[in-house]
Amino acid sequence: MSDSLPLLLRAARGELVERTPVWMMRQAGRYMKVYRDLRDRYPSFRERSENPDLSYEISMQPFEAFQPDGVILFSDILTPLPGMGIDFDIVESKGPLIQEPIRSLSQIEALHPLEPNETMPFVGEVLGRLRESVGNKAAVLGFVGAPWTLAAYVVEGKSSKNYAVIKAMAFQQPDLLHRLLNHFAESIATYLRYQIDAGAQVVQMFDSWAGQLSPIDYDTFAAPYQKRVVELVKATHPDTPMILYISGSAGVLERMGSTGVDIVSLDWTVDMADGCARLPKHLGVQGNVDPGLLFGTPEAIRERIVDAVRKAKGRRHILNLGHGILPGTPEDNARVFFETGKTVNDLIGSAA
Ligand code: CP3
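Residues numbered from 1 in each chain as written. Predicted model: local features only at pLDDT ≥ 70, side-chain atom pairs only at ≥ 80, totals over all residues. Heavy atoms only, no water.

Q: I would appreciate a short explanation of helix 4 (residues 52–66) in the present structure.
A: In an α-helix, one full turn covers 3.6 residues, which means residues spaced three or four apart are oriented alike. Taking 1.5 Å as the rise per residue, helix 4 with 15 residues should run 21 Å; its terminal C-alpha atoms sit 22 Å apart, in good agreement. Within helix 4, the axis deviates most sharply at M60, by approximately 30°, and proline P62 lies no more than four positions further along. Counting buried residues in helix 4 gives 11 out of 15 residues, a clear majority hidden from the surface. In this structure, the buried residues of helix 4 make contact with helix 2 (33–41), helix 3 (45–50), strand 1 (70–72), helix 8 (121–134) and helix 17 (331–347). Here helix 4 starts with a cap whose side-chain oxygen sits 2.8 Å from the backbone nitrogen of D53, and that cap is N51. Once helix 4 ends, the next one or two residues include Q67, with phi positive near 45°. (Helix = DSSP H or I, 4+ residues; strand = E, 2+ residues; numbered from the N terminus. Expected span 1.5 Å × (residues − 1). Bend = angle between axes of the 7 residues up to and from the residue. Buried < 20%, exposed > 50% of the residue type's maximum accessible area, 1.4 Å probe, protein only. Contact = heavy atoms within 4.5 Å. Polar contact = N/O pair within 3.5 Å; in protein donor to acceptor, adjacent residues only side chain to side chain.)

Q: Please clarify how unusual backbone geometry should be interpreted in this entry.
A: The general pattern is negative phi for most residues beyond glycine and trans for most peptide bonds. The phi torsion at R26 lies on the positive side, around 60°, for a residue other than glycine. Looking at the element boundaries, R26 is found in the loop between helix 1 (7–12) and helix 2.

Q: Is there a simple way to think about the packing of aromatic side chains in this case?
A: All chains considered together, the criterion is met by 8 aromatic pairs. Here F143 and F206 contribute two aromatic rings whose centre-to-centre distance is 5.7 Å and whose plane-to-plane angle is 85°, an arrangement assigned as edge-to-face. With F143 in strand 4 (residues 139–145) and F206 in strand 5 (residues 202–206), this residue pair connects regions lying 63 residues apart in the sequence. Summarising the aromatic geometry, the rings of F171 and F221 are spaced 6.3 Å apart at their centres and angled 70° between planes, so their arrangement reads as edge-to-face. You can see F171 sitting in helix 10 (residues 164–172) and its partner F221 sitting in helix 12 (residues 215–221), a full 50 residues away along the chain. (Phe/Tyr/Trp six-rings, centres within 6.5 Å; stacked < 30°, edge-to-face > 60°.)

Q: How do you make sense of the packing of helix 8 against helix 11 (residues 174–198) when you look at a structure like this?
A: Packed helices, taken two at a time, are described by their axes: the angle between them and the distance between them. Interhelical geometry of helix 8 versus helix 11 gives an angle of 35° and a closest axis separation of 8 Å. The handedness of the crossing between helix 8 and helix 11 comes out as right-handed. Residues P121, V123, G124, L127 and G128 of helix 8 pack against Y191, Y194, Q195 and A198 of helix 11. (Axes fitted to C-alpha atoms, helices over the stretch in contact; angles between N-to-C directions. Left-handed = near helix turned anticlockwise from the far one by under 90°.)

Q: Is there a simple way to think about the site of the ligand in this case?
A: Around the ligand sit 24 residues in total, of which R26, Y35, R48, S208 and H323 are the nearest. Here an oxygen atom of the ligand sits 3.1 Å away from a polar atom, N or O, in the main chain of Q27. One of the side-chain nitrogen or oxygen atoms of Y35 is found 2.5 Å away from an oxygen atom of the ligand. Considered on its own, the ligand offers 870 Å² of accessible surface; in the complex 90% of this is hidden by protein. For the shell around the ligand, the secondary-structure elements that each account for two or more residues are helix 2, helix 3 and strand 3 (95–97). (Near = heavy atom within 4 Å. Areas by Shrake-Rupley, 256 points an atom, 1.4 Å probe, with all protein chains shown as cover.)

Q: Looking at this model, I keep getting lost on the sheet that holds strand 6 (residues 242–245). Mind explaining?
A: Strand pairs in the sheet, formed through backbone hydrogen bonds, run parallel or antiparallel to each other. Ordered in space as 1-4-5-6-7-8-9, the 7 strands form an open sheet in which the pairing is parallel. At either end of the open sheet lies a strand with only one pairing partner, and these are strand 1 and strand 9 (317–318). The pairing of strand 7 (residues 263–266) with strand 8 (residues 284–287) spans 4 bridges and is parallel. Each residue of the ladder has a partner; that of V264, found in strand 8, is V285. Sitting on the sheet, helix 11 touches strand 4, strand 5 and strand 6, and the angle it makes with strand 4 is about 170°. (Pairing = 2+ DSSP bridges.)

Q: Would you mind going over the layout of surface pockets with me for this structure?
A: Of the voids in this model, the largest pocket is the one considered here, and its volume is about 1200 Å³. Taken together, 44 residues line the largest pocket, and the ones lying closest to its centre are R26, R30, D76, I90 and P96. Among the elements of the structure, helix 2, helix 3, strand 2 (89–91), strand 3 and helix 9 (147–156) are those that each provide at least two residues to the lining of the largest pocket. Along the lines of polarity and charge, the residues of the lining of the largest pocket split into 24 nonpolar, 12 polar and 8 charged. (1 Å grid on protein atoms, 1.4 Å probe; cavity = no way out; pocket = protein on both sides within 12 Å on 5 of 7 lines; lining within 4 Å. Points joined across faces, edges and corners; volume = space filled by probe spheres on them. Nonpolar A, V, L, I, M, F, W, Y, C, P; charged D, E, K, R; others polar.)

Q: Hey, could you run me through the nonpolar core in this one?
A: Soluble globular proteins tend to bury their nonpolar side chains together. Grouped together as the largest cluster of nonpolar side chains are 96 residues, with contacts concentrated most on L81, W148, V154, L177, L180, F184 and Y218. The dominant element in this core, judged by the number of residues it contributes, is helix 11, at 13 residues. Beyond its immediate chain neighbours, meaning those up to four positions away, L81 contacts I86, F88, I98, V154 and F184. (Core = buried A, V, L, I, M, F, W, Y, C linked by side-chain atoms within 4.5 Å.)

Q: Even after reading the chapter, I still don't get helix 17, so can you show me in this structure?
A: The first and last C-alpha atoms of helix 17 sit 23 Å apart over 17 residues, in line with the 24 Å expected at 1.5 Å per residue. Of all the bends in helix 17, the greatest measures close to 40° and is centred on G341. When we look at burial in helix 17, the residues that qualify are N333, A334, V336, F337, F338, T340, G341, V344 and N345. Those residues of helix 17 that are buried lie in contact with helix 4 and helix 16 (298–311). Where helix 17 terminates, the next one or two residues include G349, which has phi positive at roughly 65°.

This is the structure:
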């Protein structure tokens, strides 16, 4: 059915589909030898993600190797920051680094509203090229970081274990943090609209570190801004399915289900059946398979895919991992994940 819209897009919209679509968070990256080879030639992450030829080539690497049902833009949640006036780098084996963390009112007031056309035209170019290349064989996915998670990086200045700096701000100077979160919500919504206009057919918002908040604080610092982004994007692009991902989300699942997104992406600390029971019927689910399983045997991987698909039966479902694929994962096991994913409905003798 090469003339119909991509399977993942139709599934995400809640249409009845012939099989469960499959893609993987972080499907382009270090576990692939072609990526590591390219990284040796282009050691700067900023260059790999901001040079449109490189970003396009890397986005296509997993599609060429495994034909997933979704092709995600190779970029980072931090990529829009320079366009708002915040410089960053990604340091090998350390992760993101913000040289001048944002901690004062004057710094927040100096931030620019994001104008993606001006400051990140490479993203639009790559999304357009991806759409042209994959046609209806896969859906092109865009993504952003949610305000809380972006704030965690810019306030802490780097990846954090305990989020002490941003929590000090949250619990001493909440108004300051709310100003920053507001800024991000507006700019991130603008950025998502830009991605959709450029070719993204399904978009995912990563609030990766919102699971670090108690539910009561999630309601104050994460949920309102997730909702604001969804509301702004849905106002202009109501037909683009939106997915929300949080790591460590088991304590806030019901809350994720009331943000206005179409699909909730589960991590692996919740059973798929329990996760489904805790979300309204009209919402779809994604994810849930422990990325660590891809260090296991092919049989173990297949077993868990079957388990997830069985338990999600009866609702819209996109097969994925519960977080990004881990560096060091054997590529053959990634292949098992994709291949099993594409045949799992036959294995268990049911449609999606
Ligand atoms: O899914 C994909 O294939 C698209 C690529 C993608 C990257 N980052 C590429 C990347 C996506 C969707 C992201 C999102 C992202 N970036 C998130 C949300 C997803 C999640 O994991 O929760 C977060 C929190 C970030 C911030 C960030 N960028 C981290 C924590 C790191 C990893 C640091 C490390 O060394 O492990 C990065 C760097 C990064 N972004 C890499 C990749 C492939 C690794 C660096 C490299 O390849 O050189």
